[in-house]
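Observations on chain architecture
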Amino acid sequence: MERSQKEAVVGSVRQKFERMSSAVFLDFKGMNVEAVTKLRDEFRKSGVEYRVVKNSLVRHAVKEHPWANTLAKSLTGMTGVAWSYEDPSAAAKVVKAFRKDNQKLQIKAGLIEGQILSGDAVETQLATMPGKDELRATLLATLQAPLQQFVQQLNAPLQNFAYLLKAKEDAAGTSA
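Rules used throughout
- Residues numbered from 1 in each chain as written.
- Predicted model: local features only at pLDDT ≥ 70, side-chain atom pairs only at ≥ 80, totals over all residues.
- Heavy atoms only, no water.
- Helix = DSSP H or I, 4+ residues; strand = E, 2+ residues; numbered from the N terminus.
- Rg over C-alpha atoms; globule rule 2.2 N^0.38 Å.
- Contact = heavy atoms within 4.5 Å.
- Areas by Shrake-Rupley, 256 points an atom, 1.4 Å probe, with all protein chains shown as cover.
- Phe/Tyr/Trp six-rings, centres within 6.5 Å; stacked < 30°, edge-to-face > 60°.
- Buried < 20%, exposed > 50% of the residue type's maximum accessible area, 1.4 Å probe, protein only.
- Lys NZ or Arg CZ within 6 Å of the ring centre and 35° of its normal.
- Salt bridge = Lys/Arg side-chain N within 4 Å of Asp/Glu carboxyl O.

Attention now goes to the overall build of the chain. Along its length, the chain carries seven helices and five strands. Going from N to C terminus, the chain has its helices and strands arranged as α-β-α-β-α-α-β-α-β-β-α-α. A compact globule built from 176 residues should have a C-alpha radius of gyration of about 16 Å, whereas the chain, at 27 Å, is more than 25% larger. On the principal axes, the C-alpha backbone points of the chain span a range of 100 × 35 × 25 Å. Contacts in the chain between residues far apart in sequence, at least 24 positions, make up 80% of those at least 6 positions apart. Taken as a whole, the chain presents about 11300 Å² of accessible surface, with 54% of it coming from carbon and sulfur.

In structure tokens:
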């Protein structure tokens, strides 16, 4: 690869790290082409960008970040990088689901908010984080709860009045 090509790749990788909400670093050694293609398809469906990048180019692209030295320890052997842009847990969820059927895929590390995560932490913490839609649903439920209680409070006097009338009717029917 010529120097100009390397600089272009480094610039592209640097932009991906600037835009991402999280990244997962993978070791795909021992996987066949069919499995890697399936993994790429799963990433694509989830809105995750996946690319195999030389470790030296990744190191060069992230060298300005304070976490670069910590990440460099994980950049050995074959490395694939999965960048999540919208949902921070998207890549980790895809990897966790994929690893159920294919143990050859190994997680080297994860990156979220400038924090480097171990492979185990990616699978146990990042992959179990609620997704964007789940968080929206929770927020909506939280916002609706006070309104539902308010409506119930408004209906309570009418409901109590109906119970009172029913009790009077029952009392009048039994005394007659």
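Moving on to the packing of aromatic side chains. All told, the structure shown has four aromatic pairs when counted by the stated rule. Between F17 and F25, the ring centres sit 6.1 Å apart and the planes meet at 15 degrees, which makes this aromatic pair stacked. The class for F25 is buried, based on a relative accessible area of 0%. When the centroid spacing of 5.2 Å and the interplanar angle of 25 degrees are considered together, the rings of F43 and Y50 count as stacked. No difference in accessibility class separates F43 from Y50, as the two residues are buried. Through pairs of rings, three or more aromatic residues link up here, namely F17, F25, W67 and W83. Above the face of the W83 ring, K16 is positioned so that its terminal group lies 5.8 Å from the ring centre. Its end group placed over the ring of Y85, R19 keeps NZ or CZ at 4.3 Å from the ring centre.

The next subject is the pattern of salt bridges. Applying the stated criterion to the full structure yields six salt bridges. Where K45 meets E42, a salt bridge forms, and the shortest distance between an N and an O atom there is 3.6 Å. Linking K45 with E42, this pair stays in helix α2 (residues 33-45), spanning three residues, or about one helical turn. A salt bridge links E123 to R99; its shortest N-O distance comes to 3.2 Å. Taken together, the residues span a long stretch of sequence, with E123 in helix α6 (residues 119-124) and R99 in helix α5 (residues 90-99) at a distance of 24 residues. Summarising the burial analysis for this pair, E123 and R99 share the class buried.

Before going further, it helps to spend a moment on the environment of S56. Checked against the element boundaries, S56 lands in helix α3 (residues 55-62). Along the backbone, S56 and K45 are 11 residues apart, and their C-alpha atoms lie at a distance of 29 Å.

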